[in-house]
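Observations on the model geometry
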Amino acid sequence: MYRKSCLLVLLLLGGGATLASASDPVQILQAVEDTLNAPVDREANLAMELIDAKGNTKTRELTILQKGSDKKLIRFLSPADVRGVGLLVLEDDVMYLYMPAFAKIRRIASHVKNENFMGTDFTYDDMAQSDYVEKYTPTIEDETDQHYVLKLAPKPDSEIDYSHLVMWVNRKTMLPDKVEFYDSSANLLKILTQTNVQRIEGYLTPTHLEMEDVQENHKTVMELDNVVHDQELPDKRFTQRYLKRF
Amino acid sequence: MRWMDYLLRLRLVIMAGVVLLTAFFAYQLTTLKIDSEILNYLPQDDPLVISFREVGERFGGNSLAMVALETDNIFNSRTLARIDTLTMRFQALPEVSQVLSLTDILDIRKIPGGIEVGKLIRRARIPQNPQELDVLRDYTLSKEMYRGSLVSENGNIALVIVRIREGASKTDVAEKMKAIVKATQGNEKVYYAGVAFQMVFLTDIITQDLARLVPLVTLLVSVVLYASFRRKRAVLLPLGTVLISTIWTLGLMSWIGVELTIASAAIPVLLIAVGSAYGIHIFNKYLEESEAGEGISREAMMRQAMSKVALPVVMAGVTTLIGFLAFLFSYLTIIQLFGVFASLGVFLATLLSLVFIPIVLSWLSPPRPRRARKGPVASSGNGIMDKLADLVLAHERLILAGGVVLLIAAAIAIPRLRREVNMVEYFKHDSEIRMAEDMMEADFGGSVPIQILVDGDIKDPLILKQMYMLEKYLRTLPDVNDPQSVADLIAELNEQLNDRRTIPDTREGVGNLWFFIEGNKVMEQLVAENDTQALIQAKMGTVNTSKVIAVVDSISRYLSEEMSADLVHVRLSALDDSIRADILERHAAETARMIAFDASHYGAEFPPEYIPALLRTTGSPSSLSFDREQATIMSGILDAYFQSDEADLVITSEAVVQDVVAALTKLSMEQTPTENEIRDLLRRVIPASFYASDPEAVDFAASALTSLIQEERYKMVVSRLTEEIVESAGDVPEENLQAFRRDVYGDIWCLVQDHAGVPADAIPPRATFQIPSAGATSLSVTQSGMPIIFKKLDLSILKSQALSLLVAFTLVFLLLGFRFRSITGGLIALVPIAVTIMFNFVLMVAINVPLDAVSVMIGSVAVGIGIDYTIHFLTRFQREFQQGQSEKAALHITLRTTGRAILINAASVMMGFLVLILGNIVPMQRFGYLVAVTMVVSALASITLLPALVLTTRARFIGEFDRMAEGMQRIVNGKARLVIKTLNPDKRQKSIGESS
């Protein structure tokens, strides 16, 4: 469904493009995107914790494989009842879902981006945030010693549900340290924070992410490990045939 | 009368106090709130209320507010745009947890090889041209998911459903929603439905009715008072008293934060109509004294009047209090509160009559005597009253027989007494909200949800299957529509992805489908507490309380008798043949039951024993052989697999593919091949060169083909059986046939699955060792939601009625027994009241008026006022009789004086209550005319039945009926023969003279 669903990885495993001196908001945003899109391919494990308002916690584990901008594979490892479930995302708005319980692959087409992904606080859209420049018009709200603070307004045709985002771009890493999401009535809806940035094979990678839905009092915490970049993943890893192999 | 001295000495202080208190409470009155929440009828610690609120908290709120737009065809761009605007603005309200509408609903449709997930109408992409709109209309109306839940069947009404968070003020949200709707443009007819709007509407009409009816009653009572006395103070004093006591009562309620309800809203009218009697008594007595004792000082006159009237007024007040205080024993909070504050009001009215009126009168100049018109008791009606007396004397036994007949009628009627607790029934049929609810019932299956809470491991297929079966059962119940839960969502996803509408048999199967809906907003209403609780909801398509209760009872019966609390997972393939046969038999019976539910839902009829017989013909699906036609289908499917991108083996030679397909088809037709057989076949038929670079491919292919072949074989078995069943149920309406076939197919699919559930107590002991202990699961199921609360309310209203009458009767008996120093006296005095109340019940049954939170109070009003009549009558009769009048003469005198006064009082109280007919709240209207009738009956009973009873029983508390021992005289008087016994001849002479 979600062409960019795996682009979460892009967001997570950003490289280290730098920006000499710029106060042009579009350039800053472009630099953020370039940083996020730097590696050729990547593989990572992701541990997710979903915490509801009462403190109930659910955990999810998955691996993500990505090559270029049109080949992604997500594989669930836990909980047990979804172990082996795989998502292969090859073209815009189409993905293949493998359900091991039925030994079956099903094609899933979708244009819904504002639904939450697998019970997390990330929508499919949130996870696809590598095409900021295409979707948003940025303006500079503030500049501090550490951050450019950008306000991102959706472009008219972008079908985005948020009224706007506010992004704190780290001047050193050119990665967003924090993003605030405002709902269609311009009330604060969610806050994304990215911390524990590590340089992995030359690419700057935040390894701890939290997305908090302040309206529902629900939170998703993600930890990234076993990150590998540029291992020249073969194309056949991104086929229906391999989707079943688990 | 020392208290009069104090009163007169402190009159300035007291009056200042009265004025100040009145000002204070009048100010409080401005903030009096109205509580229209039906949950508050019950005590808040009632388990059902607690459970209802818990369900609300856990599942995103259980109050719905619905806005419907009606136009010829809602599939036009303007209406859809309006729906979209409403949806977004409602969503922006912080108290709203979810909004569902055509412009914000997830749509899943089948596409080749998979599904498409999207919004029915994409955001900001409302179709503009007619063709697109027609396509949208046809598609939307074709799906059960939308038809009858978001859009009416003929596409002329669309619904926007808003779920309100638990704890938020429903009326506030509803008001805000109304404002939002009013701010949008459009020609559509707008409806507001659901509990939140009902509450707003009820609050509005209670306010309106109070504002309109209270002045009207006041005016009417003023006219009656003025017509009777022709003096301004006769109007102002009694009326002032009740108005002040009403202000104090309601002001106090507001001050201490008690909100007005549909029951206590009757208090003002009640107090004005009933309470003014006390003031009238006092004023009347004062008038008498002032006319009798000219030249005495005003204060002395006042003292004299008060000394005679205070006790009767207190008695009248106390008896009325008794009627209302009896409600303290009611289980329903709303009735209890009414009892408390109505009693308080009566108490204050009594007290103020005794304080306020004398003080004011002590300041006023004595009334000018008007001897020409002799006060309220004129003599023009004496003839009628005399005739009545004669009638009573002549037909005492007939009258008693009439009473007995009424009691028998009541015994027949009372069990048939209908109850009504649904708020919707409070509204007139032509009211806005009632029309909206009628529309909801007709086009959307109702607006009141049935809720069933399931506790257990919800992702366990056995539990989901129990839920799914329960939903199938719910669909068979009359007036129950659209059951929904995560179980049928899973079944539907299974149909979309695997072509079978049923619950998968394994936890993994469930998990793989659940994956799709995890985190979706709709899940908030379906599962909670980390998937250990689920909610099944259905719409109640009627507001009729007895029908609602019938449904509640059917559900309760199903939950307790048909559902198993403890279940055990078994794998059929791992069991001994004999045990497996046992379990399969049970399995077939269960499947038959599901099919029977489906058949009943879709309008088919099945001989119940037919289905299991049919299912038994299945035998083992793995070992059935297939015909040529089926072989063609199988080879087509195998061919498609090898041609597809997901084929595990890439075979580039078409000839080899054909060979493999042919070989596999042959292998598959007699029975389901094992994975090893398939692997061997692949290795044998396919040259090794095709998988040399990827040796694992053969194993993956063997595994994939095993599942594929097995599933195809199952499909064939299930299809064949489904067709047989659907054909034998020939009377399914055409439009239901497809859905019926789909559901039966899903039901039968359960039979071919390897995993099954068995109730823990149904496992044969010899089988226990074959079943892993980890396979046990348990669930508990509780009914919640409004319908079961309605049932509780219904029962409570009935109990309240019985208990309040019992308490009132007991107190009245004690009071009257004490008053007349006689147990018989107490019992006899009860009879007219009892008969009046019985008459009321008979009348209610005869004209089909239900017992509800308001009409339950009629009995108490009847007691409160009826006893006054009884006391007045008996006191006067006793006095006349004991003063030596013959019983006939005593009756004549009593009827001319007290009897007449009773009738006048009944008439004036009746007038007061009849004003309620002009109100907008249906139960209040009914209350109005029922009390009016009751007043007449009560008055008549106390002047006919009561004397008849006294005369027949010759009750001793009245006097010595056998006092003329020396003889009896029969006096023939026109129509009647009657026996008069008198003590001395003079009196007898007199009475004879009178009667002739």
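For clarity, every value in this text was computed on a predicted model and none was experimentally measured.

Digging into the overall build of chain A
When you go through chain A residue by residue, the secondary structure sums to five helices and 13 strands. Taking all 246 residues of chain A together, the buried fraction comes to 57%. Taking the intrachain contacts of chain A between residues at least 6 apart in sequence as the baseline, contacts between residues at least 24 apart amount to 49%. Here chain A displays about 9300 Å² of accessible surface, and carbon together with sulfur accounts for 45% of that area.

Quick look at the sheet that holds strand β1 (residues 63–70) of chain B
Residue and element names in this part refer to chain B. The four strands lie next to each other as β2-β5-β1-β6, forming an open sheet whose pairing is antiparallel. Every interior strand has two partners, whereas the edge strands, β2 (96–100) and β6 (189–193), have only one. Taken over all neighbouring pairs, the strand axes of this sheet differ in orientation by 15 degrees on average, direction set aside. Pairing of β1 with strand β5 (residues 157–164), which is carried by eight bridges, proceeds in the antiparallel orientation. Within β5, the residue paired with Met66 across the bridge is Ile161. The strands touched by helix α4 (residues 77–91) are β1, β2, β5 and β6; relative to β1, the strand with the most contacts, the crossing angle is about 160 degrees.

With respect to the environment of Leu398 of chain B
The residue Leu398 of chain B is located in helix α13 (residues 396–413) in this model. Sequence spacing of Leu398 of chain B and Leu945 of chain B is 547 residues, and the spatial spacing of their C-alpha atoms is 9.7 Å.

Considerations on the packing of helix α22 (residues 654–670) of chain B against helix α23 (residues 675–685) of chain B
All names here are of chain B. Running from amino to carboxyl end, α22 crosses α23 at an angle of 150 degrees, the nearest separation of the two axes being 10 Å. Taken together, the axes of α22 and α23 are roughly antiparallel relative to one another. For the pair α22 and α23, the crossing hand works out as right-handed. Residue-level inspection shows Val656, Asp659, Val660, Ala663, Leu664 and Leu667 of α22 in contact with α23, the latter providing Glu677, Ile678, Leu681, Leu682 and Val685. For the contact of α22 with α23, the residue count by class is nine nonpolar, no polar and two charged.

Digging into the domain arrangement of chain B
If you check the domain split of chain B, you get domain 1 (1–30 + 231–369) and domain 2 (628–715). For domain 1 of chain B versus domain 2 of chain B, the distance between C-alpha centres works out to 97 Å.

Notes on the interface of chain A and chain B
Taken together, the 42 residues of chain A in the interface contact 53 residues of chain B. For the pair chain A and chain B, the two sides together bury roughly 4200 Å², of which 47% comes from carbon and sulfur. The largest per-residue losses of area from chain A upon contact with chain B belong to Asp81, Arg241 and Arg245 of chain A, which jointly make up 16% of the total buried on that side. Applying the counting criterion to the chain A and chain B interface returns ten salt bridges.

Topic: the pattern of salt bridges
All names here are of chain B. Evaluated as defined, the whole model comprises 56 salt bridges over all chains. Residues Arg53 and Glu166 are paired through a salt bridge, measuring 3.7 Å at the closest nitrogen-oxygen approach. Here Arg53 is found in helix α3 (residues 47–58), whereas its partner Glu166 is found in the loop between β5 and α6 (170–182), with 113 residues between them in sequence. Sharing partners across several salt bridges, the network here consists of Glu144, Lys472, Arg475, Glu492, Glu495, Arg501, Asp598, Arg742, Asp743 and Asp747.

Re helix α11 (residues 333–363) of chain B
Residues and elements named next belong to chain B. In a regular helix each residue adds 1.5 Å, so 31 residues correspond to 45 Å; α11 covers 44 Å between its end C-alpha atoms and thus fits that length. Taking the largest bend as the criterion, α11 deviates by roughly 35 degrees, centred on Leu352. The buried fraction of α11 is high, at 23 of 31 residues.

Comments concerning α23 of chain B
Within the span of α23 of chain B, buried status applies to Ile678, Arg679, Leu681 and Leu682 of chain B. Along the axis of α23 of chain B, the buried positions cluster into a sector of 160 degrees, meaning they face one direction only.

Considerations on a negative patch on the surface
All names here are of chain A. A grouping of Glu49, Glu61, Glu223 and Asp225 is seen on the molecular surface, where their side chains present a negatively charged patch. Take Glu61: it is sitting in strand β2 (residues 57–67). Here Glu61 falls in the partly exposed class, since its relative accessible area comes to 40%.

Re the packing of aromatic side chains
Throughout the structure, instances matching the rule amount to 23 aromatic pairs over all chains. Their ring planes at 75 degrees and their centres at 6.3 Å tell us that Phe25 of chain B and Trp255 of chain B sit as a pair that is edge-to-face. Taken together, the positions of Phe25 of chain B in helix α2 (residues 11–29) and Trp255 of chain B in helix α8 (residues 232–255) put the pair 230 residues apart, joining distant regions of the chain. Classification of Phe25 of chain B as buried rests on a relative accessible area of 8%. Between Tyr745 of chain B and Trp749 of chain B, the ring centres sit 6.0 Å apart and the planes meet at 35 degrees, which makes this aromatic pair tilted. With Tyr745 of chain B and Trp749 of chain B both in helix α25 (residues 734–752) and four residues apart, the pair spans about one turn of that helix. By relative accessible area, which is 13% here, Tyr745 of chain B ends up buried. By the ring-pair criterion, three or more aromatic residues cluster together here, those being Phe24, Phe25, Trp248 and Trp255 of chain B. In this arrangement the basic side chain of Arg245 of chain A is found over the ring face of Tyr242 of chain A, its NZ or CZ atom lying 5.0 Å from the centre. Taking the ring centre of Phe820 of chain B as reference, the NZ or CZ of Arg819 of chain B above it sits at 4.8 Å.

Some thoughts on the pairing of strand β10 (residues 176–182) of chain A
Residue and element names in this part refer to chain A. Taking burial as the measure, the seven residues of β10 include six buried ones, the bulk of the element. As paired elements, strand β9 (residues 164–170) and β10 share six bridges and run antiparallel to each other. Bridging across to β10, His164 finds its partner in Tyr182. Connecting β9 to the antiparallel partner β10 that follows it, the hairpin turn spans five residues, and Met174 within it adopts a positive phi of roughly 55 degrees. The pairing of β10 with strand β11 (residues 188–200) spans five bridges and is classified as antiparallel. Looking at the pairing, Lys178 lines up with Thr193 of β11. The antiparallel hairpin formed by β10 and β11 contains five residues in its connecting segment, where Ala186 sits at a positive phi of about 65 degrees.

Considering empty space enclosed by the protein
All names here are of chain B. Scanning the entire structure with this criterion turns up nine cavities of 30 Å³ or more. Here the second largest cavity defines a volume of roughly 180 Å³. Along the walls of the second largest cavity sit 18 residues, with Leu462, Lys465, Glu590, Ala756 and Gly757 positioned nearest its centre. Taken together, the elements giving at least two residues each to the lining of the second largest cavity come down to α15 (461–476), β11 (566–571), α19 (577–602) and β12 (755–759). In terms of residue count, the dominant contributor to the lining of the second largest cavity is α15 (five residues). For the lining of the second largest cavity, the per-class residue count stands at nine nonpolar, six polar and three charged.

Section: the confidence of the model for chain B
All names here are of chain B. Summary statistics for chain B give a mean pLDDT of 86 and a share of 92% for residues scoring 70 or more. Mean pLDDT across the elements of chain B ranges from a minimum in strand β15 (residues 976–980), with 36, to a maximum in α15, with 96. Overall, residues 964–996 carries pLDDT values under 50, and its contacts beyond four positions in sequence, including any with other chains, amount to 47 contacts.

Observations concerning the pairing of strand β12 (residues 203–213) of chain A
Residues and elements named next belong to chain A. Of all eleven residues making up β12, nine are buried, and the element is well covered by its neighbours. Note: β11 against β12, ten bridges, orientation antiparallel. Counted as the bridge partner of Arg199 is Leu204 from β12. Judged from the six bridges that link them, β12 and strand β13 (residues 218–229) form a sheet pairing that is antiparallel. In the strand pairing of β13, Glu210 is matched with Val221. Hairpin connection of β12 to β13: four residues between the antiparallel strands, including Asn217 at a positive phi of 60 degrees.

Let's talk about the side chain of Arg500 of chain B
Along the chain, the position of Arg500 of chain B falls in the loop between α16 (486–498) and α17 (507–517). Judged by relative accessible area, Arg500 of chain B falls into the buried class, the value being 6%. Discounting residues that sit within four places of it in the chain, Arg500 of chain B has contacts with Phe102 and Lys104 of chain A together with Ala491, Asn494, Glu495, Glu711, Tyr745 and Trp749 of chain B.

Focus on the side chain of Thr207 of chain A
Residue and element names in this part refer to chain A. Structurally, Thr207 can be placed in strand β12. Since its relative accessible area comes to 3%, Thr207 is described here as buried. Reaching out from Thr207, the side chain makes a polar contact with the backbone oxygen of Asn196 at a distance of 2.8 Å. Apart from residues no more than four positions distant in its own chain, Thr207 is found in contact with Thr195, Asn196, Gln198, Ile200, Met222, Glu223 and Leu224.

Conventions adopted
- Residues numbered from 1 in each chain as written.
- Chains lettered and ligands numbered in written order.
- Predicted model: local features only at pLDDT ≥ 70, side-chain atom pairs only at ≥ 80, totals over all residues.
- Heavy atoms only, no water.
- Helix = DSSP H or I, 4+ residues; strand = E, 2+ residues; numbered from the N terminus.
- Buried < 20%, exposed > 50% of the residue type's maximum accessible area, 1.4 Å probe, protein only.
- Contact = heavy atoms within 4.5 Å.
- Areas by Shrake-Rupley, 256 points an atom, 1.4 Å probe, with all protein chains shown as cover.
- Pairing = 2+ DSSP bridges.
- Axes fitted to C-alpha atoms, helices over the stretch in contact; angles between N-to-C directions.
- Parallel < 35°, antiparallel > 145°, perpendicular 65-115°, else oblique.
- Left-handed = near helix turned anticlockwise from the far one by under 90°.
- Nonpolar A, V, L, I, M, F, W, Y, C, P; charged D, E, K, R; others polar.
- Domains from an automatic or database assignment.
- Buried area = accessible area lost by both parts, 1.4 Å probe.
- Salt bridge = Lys/Arg side-chain N within 4 Å of Asp/Glu carboxyl O.
- Expected span 1.5 Å × (residues − 1).
- Bend = angle between axes of the 7 residues up to and from the residue.
- Arc of directions from axis to C-beta.
- Patch = residues over 30% accessible without salt bridge, like charges linked within 9 Å, V, L, I, M, F, W, Y side chains within 5 Å.
- Lys, Arg positive; Asp, Glu negative; His and termini not counted.
- Charge placed at Lys NZ, Arg CZ, Asp CG, Glu CD.
- Phe/Tyr/Trp six-rings, centres within 6.5 Å; stacked < 30°, edge-to-face > 60°.
- Lys NZ or Arg CZ within 6 Å of the ring centre and 35° of its normal.
- 1 Å grid on protein atoms, 1.4 Å probe; cavity = no way out; pocket = protein on both sides within 12 Å on 5 of 7 lines; lining within 4 Å.
- Points joined across faces, edges and corners; volume = space filled by probe spheres on them.
- pLDDT = per-residue confidence, 0-100.
- Polar contact = N/O pair within 3.5 Å; in protein donor to acceptor, adjacent residues only side chain to side chain.

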